[in-house]
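Chain by chain, the residues run as shown.
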Amino acid sequence: MPKIISDFMLHARELAVRGHGFVEPNPMVGCVLVNDQNKIVGTGYHEKCGEAHAEINALNAAGPLAKGATAYVTLEPCNHQGKTGPCAQALIDAGISKVVIGCADPNLEASGGGTYLATNGVEVVYIDDELCKTILAPFLHRIRTGFPWVICKWAQTADGYIETPEGEDPWISCEGSQQLVHEERGRVDAIIVGIGTVVADNPSLTVRNAEAHRTPLRVIVDPTLRLPHNSTVLDGEVPTLIAHGKNVDKTAFTNYPVSFLELPEVDGSLDLRPLLTHLVNKYDATNVIVEGGKTLFEHIFNQQLANELWIFTSQRTIGNENLKNMTQLFNAWDCILENKQPCGNDLVCRYHVK
């Protein structure tokens, strides 16, 4: 790819990610308009679901300078009337002469923009940019599979333990890492945990000390419905779903503000695929975080449902073989390191699962 194209598409990608947590279930999209002197005349990104798309915001920023310009856009411009009008027609009406597209749109309802542009005299170039596809991965995954993007997140010691001995500080990650988690919680659609985590930690599973762009659904995977009645997740503060197995008695939970979903079994554990489909169909979910515990991570591994791993590793060591350790399970995952950065005393790594 020529460097000048690469530079403008990089700028478009940087714009696109600003929409994370605001635009879902729509895709994150960025657009850069460049004149024939290779000067940027307008930029925009999709800022909120239901509002103007990236191309429209860029055209509005450019005004009359858009005529004859080249548009660099991370996703193929839409070609349908949804909550907003078709971007392909808007680009034509503005006199855009060329459109460079980072990724084709697999959504049959919205695709075809590139073809429509080309048949109306606009030069169209697809560059099949891998980094654009990385940004769009949750959207593309949902379109192709009907499942949300599943992020498995855990904090571990330097030797792989995800729990601490009784009587010791239960927090493994530092405050900075905990803040990152809450910021991401405020951008996703659901937080999923197993019943063991609820019994052991009584978590609230809410967004705290961070801006909540959306309110994530709390999901408890509880095969036999042994959720304690004094659990914080029953406080009604945010919507809560309990996924359970067959033949459980729900009458004791009649007065609690929760919903239930019965799941079938597969290979001796609950089949989580109907849960993921339910989250898309009923809650319009695009991104979900699974926060443990180890048993739930094992089920997700066995059912091949993880898309991304987000691991916070502290400098602390434990060396207690009686405690839960993630080293063996992590090594079994076929994944690629995408990003690594320090956060306080922790090392934060994000992996893409193949």
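Here, every reference points to the structure presented above.
Just so we're clear, the structure is a prediction, and the values are computed from it rather than from any experiment.

Here we come to the sheet that holds strand β13 (residues 287-290). The strands that make up a sheet pair up through hydrogen bonds in the backbone, lying either parallel or antiparallel. The strand order across the open sheet formed by nine strands is β10-β9-β8-β7-β13-β6-β14-β16-β15, and the pairing between neighbours is mixed. Of all strands in the sheet, those bounded by a partner on one side alone are β10 (259-262) and β15 (335-343). Each adjacent strand pair in this sheet contributes to an overall mean axis angle of 20 degrees, direction not counted. Direction of pairing for strand β6 (residues 149-156) relative to β13: parallel, over a ladder of four bridges. For Ile 151, the partnering residue across the bridge sits in β13 and is Ile 289. Here helix α10 (residues 294-302) sits on the sheet in contact with β6, β7 (190-194), β8 (217-221) and β13, set at roughly 140 degrees to β6.

What follows concerns the sheet that holds strand β2 (residues 40-45). Ordered in space as β2-β1-β3-β4-β5, the five strands form an open sheet in which the pairing is mixed. The sheet is open, and its two edges are formed by β2 and β5 (123-126), each paired on a single side. Going from strand to strand, the sheet's axes swing by 15 degrees on average, the running direction of each strand aside. In this structure, strand β1 (residues 30-34) lies alongside β2, joined through five bridges in antiparallel fashion. Looking at β2, one finds that Cys 31 is bridged to Gly 44. Here helix α2 (residues 54-62) sits on the sheet in contact with β1, β2 and β3 (70-73), set at roughly 145 degrees to β2.

We now examine the packing of aromatic side chains. Any pair of aromatic rings gets described here by the distance separating the centres and the angle formed by the planes. Under the definition given, this model contains eight aromatic pairs. On the basis of an interplanar angle of 55 degrees and a centroid distance of 5.2 Å, the ring pair of Trp 154 and Phe 297 is categorised as tilted. A residue pair is termed long-range when its members are at least 10 positions apart, and Trp 154 in strand β6 and Phe 297 in helix α10 qualify at 143 residues. For the pair Trp 154 and Phe 297, a shared accessibility class is recorded, and that class is buried. A centroid spacing of 6.1 Å and a plane angle of 20 degrees characterise the contact between Trp 154 and Trp 333, whose relative ring orientation is stacked. One end of the pair, Trp 154, is in strand β6; the other, Trp 333, is in the loop between α11 (327-332) and β15, with 179 residues separating them in the sequence. Across the pair, exposure class does not vary: Trp 154 and Trp 333 are buried alike. One aromatic cluster in this structure is built from Trp 154, Phe 297, Phe 301 and Trp 333. The positively charged end of Lys 250 is found above the aromatic ring belonging to Phe 260, 5.9 Å away from the centroid. The cationic tip of Lys 282 hangs over the ring face of Tyr 283; the distance from NZ or CZ to the ring centre is 5.8 Å.

What follows is about the pairing of β13. With burial as the criterion, each face of β13 is covered, one bearing Asn 287 and Ile 289 and the other bearing Val 288 and Val 290. As paired strands, β7 and β13 are joined by three bridges and run parallel to one another. Its bridge partner lying in β13, Ala 190 is registered against Val 288.

Following the sequence through the fold, Glu 163 ends up in the loop between β6 and α7 (175-185). On a C-alpha basis, the gap between Glu 163 and Gly 293 in space is 9.7 Å, while along the polypeptide they are 130 residues apart.

As a rule of thumb, nonpolar side chains are buried together in soluble globular proteins. In terms of nonpolar packing, the biggest core is built from 38 residues, with Leu 33, Tyr 72, Ile 96 and Val 99 touching the most fellow members. Elements supplying a minimum of two residues to this core: α1 (3-16), β1, β2, α2, β3, α3 (87-93), β4 (98-101) and α6 (137-145). When near neighbours in sequence (up to four residues on either side) are disregarded, Leu 33 contacts Lys 39, Ile 40, Val 41, Gly 42, Ala 58, Leu 59, Ala 62, Ala 66, Thr 70, Ala 71 and Ile 96. If you look at the next biggest cluster of nonpolar residues, it comprises 36 residues, including Val 290, Phe 297, Cys 349 and Val 353.

The next thing to look at is α1. Under the 1.5 Å per step criterion, the end-to-end length of α1 is 20 Å for 14 residues, consistent within 8% with the ideal 20 Å. Where α1 is buried, its residues meet β1, β2, β3, β4 and α5 (130-135).

Moving on, we get to the side chain of Asn 325. Here Asn 325 shows up in the loop between β14 (308-313) and α11. Residue classification places Asn 325 among the buried residues on the basis of a relative accessible area of 17%. A polar side-chain atom of Asn 325 sits 2.8 Å from the main-chain carbonyl oxygen of Asp 159. Dropping the residues within four chain positions of it, Asn 325 is found in contact with Asp 159, Gly 160, Tyr 161 and Lys 294.

Definitions and limits used
Residues numbered from 1 in each chain as written. Predicted model: local features only at pLDDT ≥ 70, side-chain atom pairs only at ≥ 80, totals over all residues. Heavy atoms only, no water. Pairing = 2+ DSSP bridges. Helix = DSSP H or I, 4+ residues; strand = E, 2+ residues; numbered from the N terminus. Axes fitted to C-alpha atoms, helices over the stretch in contact; angles between N-to-C directions. Contact = heavy atoms within 4.5 Å. Phe/Tyr/Trp six-rings, centres within 6.5 Å; stacked < 30°, edge-to-face > 60°. Buried < 20%, exposed > 50% of the residue type's maximum accessible area, 1.4 Å probe, protein only. Lys NZ or Arg CZ within 6 Å of the ring centre and 35° of its normal. Core = buried A, V, L, I, M, F, W, Y, C linked by side-chain atoms within 4.5 Å. Expected span 1.5 Å × (residues − 1). Polar contact = N/O pair within 3.5 Å; in protein donor to acceptor, adjacent residues only side chain to side chain.

Purely geometric numbers; function is a separate question.
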